[in-house]
Amino acid sequence: MLAWRVHKFGPPEVMMLERVPRPDPGPGEVLVDVHAAGVGPWDGWIRAGKSALPQPLPLTLGSDLSGTIAAVGSGISDIAVGDQVFGVTNTQFLGAYAEYAVASAGMLARKPTSLSYAEAASVPVVAVTAWQALFDHARLEAGQTVVIQGAAGSVGAYAVQLARRARLRSIATAGTKDIEYVRSLGADTVLDYHTQRFEEEVKDADAVLDLVGGETQTRSFQGLRPGGKLISAVSPPDQALAKHHGATAAFFLVEVTTERLREIADLIDRGELKTCVGAVLPFAGARDAHLMLEGQRRSPVKGKVILNVETSGEVTAPA
């Protein structure tokens, strides 16, 4: 089978499309005939050697995927060959940029029936990240106020929609060109970070969801009430600064589970969550996708970049 491999960490040019043996699923695992694979910033971090997790070389990139079950390992009773699934490969976030991928059964669920394979592959990591940030970590409840930094991004877009559904008051930050998009997702207030400083506009928020990091994360403490929470999916917050502001702060890595995927799939099929696919590239275009991640090549539209693996047998490996 074909797979995008990395033998040394570095820029997108280190990615090699190679023929490798088709893997076999072990206990608790399944083999997925991959139809589509999502491309996320974490894939770029892994490729560059900047992952928060140890990643031994060589490796096959990719985590988000959708496809059909080709084989089932031992100890699995709720997934069968031929099932249409979506989810994540494993806790190392590896293996999805391939024609076949071994995945943990506990990180997959049946694909939303209303979505194409490409749309389904855009969902798992970002949607579950938004869910866990709002409800598992910030533990927000109806009537509370959350600031969503970077609301026009893939995680932010789901966070805005989930906040609206949970009857949270959401204050979202976005760039000028994305104001209307974020408003259309259901944000109560949208601040233009080019022209407005949110810390001058927001006081006594119950939580801040940080999807930006850096200076934005540091300034976010100023908008929290005493006892408020800053939850970051980007980088560990400054605990001394949190204490100074009388707040709590935490960084988390997403834990994709069948349960969360089922809940999200149900919301999608009921029309309560919208997905956003920006570009669907051929499987051979994975390097181009990573150049988009690096900002060296522009994505044609907003949304997640997807690799169409289904047609990979029609292409040859690029030089």
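Residues numbered from 1 in each chain as written. Predicted model: local features only at pLDDT ≥ 70, side-chain atom pairs only at ≥ 80, totals over all residues. Heavy atoms only, no water.

J.: Honestly, the packing of helix H3 (residues 124-137) against helix H4 (residues 154-165) in this entry has me stumped. Any pointers?
T.: When two helices pack together, their arrangement is given by the angle between their axes and by how far apart the axes lie. Taken N-terminus to C-terminus, the directions of H3 and H4 make an angle of 50°; their axes are 8 Å apart at the nearest point. Between H3 and H4, the interaxial angle falls into the category oblique. The crossing of H3 and H4 is right-handed. Mapping the contact onto sequence places Val126, Ala127, Thr129, Ala130, Trp131, Leu134 and Phe135 in H3 and Ser154, Val155, Tyr158, Ala159, Leu162 and Ala163 in H4. A class-by-class count of the residues in the contact of H3 with H4 yields 11 nonpolar, 2 polar and no charged. (Axes fitted to C-alpha atoms, helices over the stretch in contact; angles between N-to-C directions. Helix = DSSP H or I, 4+ residues; strand = E, 2+ residues; numbered from the N terminus. Parallel < 35°, antiparallel > 145°, perpendicular 65-115°, else oblique. Left-handed = near helix turned anticlockwise from the far one by under 90°. Contact = heavy atoms within 4.5 Å. Nonpolar A, V, L, I, M, F, W, Y, C, P; charged D, E, K, R; others polar.)

J.: I'm lost on the sheet that holds strand E10 (residues 169-174) in this one. Help?
T.: Think of a sheet as strands paired side by side through backbone hydrogen bonds, with each pair either parallel or antiparallel. The sheet built from 6 strands is open, its strands ordered E11-E10-E9-E12-E13-E14 with parallel pairing. The sheet is open, and its two edges are formed by strand E11 (189-192) and strand E14 (248-251), each paired on a single side. Adjacent strand axes in the sheet meet at a mean angle of 15°, parallel and antiparallel pairs treated alike. Where strand E9 (residues 145-149) meets E10, 4 bridges bridge the pair, whose relative direction is parallel. Opposite Val146, over in E10, you have Ser170 as the bridge partner. (Pairing = 2+ DSSP bridges.)

J.: Would you explain the layout of surface pockets in this entry?
T.: One water molecule sets the probe size; rolling that probe over the atoms shows where empty space is left. In this structure, the second largest pocket spans a volume of roughly 200 Å³. Around the second largest pocket, the lining is made up of 13 residues, and of these Arg5, Pro23, Thr60, Gly95 and Val102 lie nearest the centre. Going through the elements one at a time, strand E4 (59-60) and strand E7 (100-104) are the ones with two or more residues in the lining of the second largest pocket. (1 Å grid on protein atoms, 1.4 Å probe; cavity = no way out; pocket = protein on both sides within 12 Å on 5 of 7 lines; lining within 4 Å. Points joined across faces, edges and corners; volume = space filled by probe spheres on them.)

J.: Help me understand the environment of Gly303 in this model?
T.: Examined against the element boundaries, Gly303 turns out to sit in the loop between helix H10 (286-293) and strand E16 (304-308). Judged by relative accessible area, which is 26%, Gly303 ranks as partly exposed. Considered as a pair, Gly303 and Ser122 are 181 residues apart in the sequence and their alpha carbons are 8.6 Å apart. Apart from the residues lying within four places of it in its own chain, the contact partners of Gly303 are Cys276, Val277 and Gly278. (Buried < 20%, exposed > 50% of the residue type's maximum accessible area, 1.4 Å probe, protein only.)

J.: When you look at unusual backbone geometry in this model, what are you seeing that I'm missing?
T.: Where the residue is not glycine, phi is negative for most of them; where a peptide bond is considered, it is trans in most cases. The step from Leu57 to Pro58 runs through a cis peptide bond, and the omega angle for that step is -10°. Note on placement: Pro58 falls in the loop between helix H1 (41-48) and E4. Phi is positive for Arg139, close to 55°, though the residue is something other than glycine. The topology assignment puts Arg139 in the loop between H3 and E9. By relative accessible area, Arg139 is classed as exposed at 58%.

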